[in-house]
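Here is how the chains run, residue by residue.
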Amino acid sequence: MRPIGLYLHIPFCRRKCLYCDFCSFPGRTGDYHRYLEALKQELRQRWNPQWQVATIYIGGGTPTVLPPSALAGLLRVIKTVARVEPQAEVTVEANPGTVDGPGLARLRAAGVNRLSLGAQSGADRFLKVLGRIHTTADVENTVALARRAGFANINLDLIYGLPGETLDDWRQTLRWAIALAPDHLSCYGLQVEPGTPLQAMVRAGRVRLPTDDEVSAMFMANVRILPAAGYEQYEIANFARRPRAGEAADGDYRCRHNLIYWRYQDYLGLGLAAASTVAGRRWVNLSSLEAYLSAVAAGTVPTATVETLTPRQAMAEMLMLGFRLTTGPDPDDFARRWGVPLDQVLGERVQPLLSGGFLQKAAGTYRLTPRGMLLSNQVLANLLAPLL
Ligand code: SF4
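What you are looking at is a predicted structure, and each value in this text was computed from that prediction instead of being measured.

Definitions and cut-offs
Residues numbered from 1 in each chain as written. Predicted model: local features only at pLDDT ≥ 70, side-chain atom pairs only at ≥ 80, totals over all residues. Heavy atoms only, no water. Salt bridge = Lys/Arg side-chain N within 4 Å of Asp/Glu carboxyl O. Helix = DSSP H or I, 4+ residues; strand = E, 2+ residues; numbered from the N terminus. Buried < 20%, exposed > 50% of the residue type's maximum accessible area, 1.4 Å probe, protein only. Axes fitted to C-alpha atoms, helices over the stretch in contact; angles between N-to-C directions. Parallel < 35°, antiparallel > 145°, perpendicular 65-115°, else oblique. Contact = heavy atoms within 4.5 Å. Nonpolar A, V, L, I, M, F, W, Y, C, P; charged D, E, K, R; others polar. Near = heavy atom within 4 Å. Domains from an automatic or database assignment. Buried area = accessible area lost by both parts, 1.4 Å probe.

## A few points about the pattern of salt bridges
1) Next: Under the definition given, this model contains 18 salt bridges.
2) Next: Residue arginine 147 pairs with aspartate 183 through a salt bridge whose shortest N-O separation is 3.0 Å. Taken together, the residues arginine 147 in helix α5 (residues 136–148) and aspartate 183 in the loop between α6 (167–179) and β8 (184–189) connect sequence positions 36 residues apart.
3) Next: Residue arginine 147 is classed as partly exposed on the basis of its relative accessible area, which comes to 30%.
4) Next: Among the salt bridges present, the one from glutamate 235 reaches arginine 324, with a minimum N-O distance of 2.4 Å. In this pair, glutamate 235 is assigned in strand β9 (residues 231–235) and arginine 324 in the loop between α11 (311–322) and α12 (331–338), connecting sequence segments 89 residues apart.
5) Next: Through salt bridges that share partners, Arg28, Asp31, Arg34 and Glu290 make up one connected network.

Here it is, written out as structure tokens:
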């Protein structure tokens, strides 16, 4: 059996947020219905009986704009068609204000054991600037409802570097999030994506973004404040809480699904614009809803592009992803896959990065320091130049 992560994309949202360039749009009930049937069909088309599902991640979009019974039905079909590990991590992304107590209890009963909430900020004025549909009170309420429904593993997504945000504002968001006692926190810097209303607002001078130095200070606040509050950084933007006193010491709240991506393991993405990488072959699905539905209905796989990576490209990707982890890329896995030691591939280029304080050597591998993480794009472009 080959372990695989399964991602299912639900491209529907109540309303489009002003910064969003994900494949998501307001949908109608009829769209939901047809789309879910197509997702199930795509799973049947692509499923390989040699796989075993280690993680399921239903993301979007906002999966919880669908009725909980529809998501439960989707999980039922997955477990019928695919072989799913009994202890599989099953995550659903939700936006506060799109779920209620009974809905959360329904998801929990259907086997969802991890809830990822798009909280984004601890101040209502920033949620408004982003065009989010919820308030901070909705986040607080949803966390409480989720705990009551039996969720023992809750993630909050947060974004820093928001228009008008100061370092103090961001620290306040971190304190607010910590007070909600989630099990995991994802903290990403805001990206102004081309073609979004936010980009137009920035260009027109209607909002002011923090400077690069201010954003760097916000990142450094993450790596100081969150570990001090019991959240261990295990990836550039991700923090998992350590087990509390009296709790099983083996509690691990790192996101197993995302670890599959960062460790360069196989994953199958289903649905609109979903990407998959299996045994060095990568494909991306169609991103037009009608084209996707028609392809699946016609019995063809809804692939838009497919590529087979050269060993060099694959090595570079594995290292790009592996360096996101605070443990760095796994040298044994690297040598086993490519038949060449990691040290040999990185060569002399590590020395100036080590002495410059961007990299450190530990446990037979290299890791980015917090300084290296701040400049990870430049550091990795430099380190991996011969492979790129
Ligand atoms: S909820 Fe998420 S996916 Fe939906 S529009 Fe907002 S940012 Fe985009």
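Resuming the write-up.
## As for the packing of α11 against α12
1) Next: The geometry of α11 relative to α12 is characterised by a closest axis approach of 12 Å and an angle of 170° between their N-to-C directions. It follows that α11 is roughly antiparallel to α12 by the angle criterion. Mapping the contact onto sequence places Pro311, Ala314, Met315, Met318 and Leu319 in α11 and Asp333, Phe334, Arg337 and Trp338 in α12.
2) Next: A per-class count over the contact of α11 with α12 returns seven nonpolar, no polar and two charged.

## A word on the site of the ligand
1) Next: Lining the immediate surroundings of the ligand are Cys13, Arg15, Lys16, Cys17, Tyr19, Cys20, Phe22, Ser24, Gly61, Thr62, Asn95 and Arg132.
2) Next: Looking at the shell around the ligand residue by residue, the class counts come to five nonpolar, four polar and three charged.

## Let's talk about the environment of valine 207
1) Next: Mapped onto the elements of the fold, valine 207 is located in the loop between α7 (197–203) and α8 (212–228).
2) Next: In the structure, valine 207 is positioned 78 residues away from valine 129 in sequence and 8.8 Å away in space, judged by C-alpha atoms.
3) Next: When neighbours within four sequence positions are excluded, valine 207 is seen to be in contact with Pro163, Leu198, Met201 and Val202.

## Description of the domain arrangement of the chain
1) Next: Here the chain is described as being made up of domain 1 (2–260) and domain 2 (313–387).
2) Next: Each of domain 1 and domain 2 has a C-alpha centre, and these two points are 28 Å apart.
3) Next: Listed by partner, the interface residues are ten residues for domain 1 and eight residues for domain 2.
4) Next: Around 840 Å² of area is buried between domain 1 and domain 2 when both sides are counted, 70% of it from carbon and sulfur atoms.

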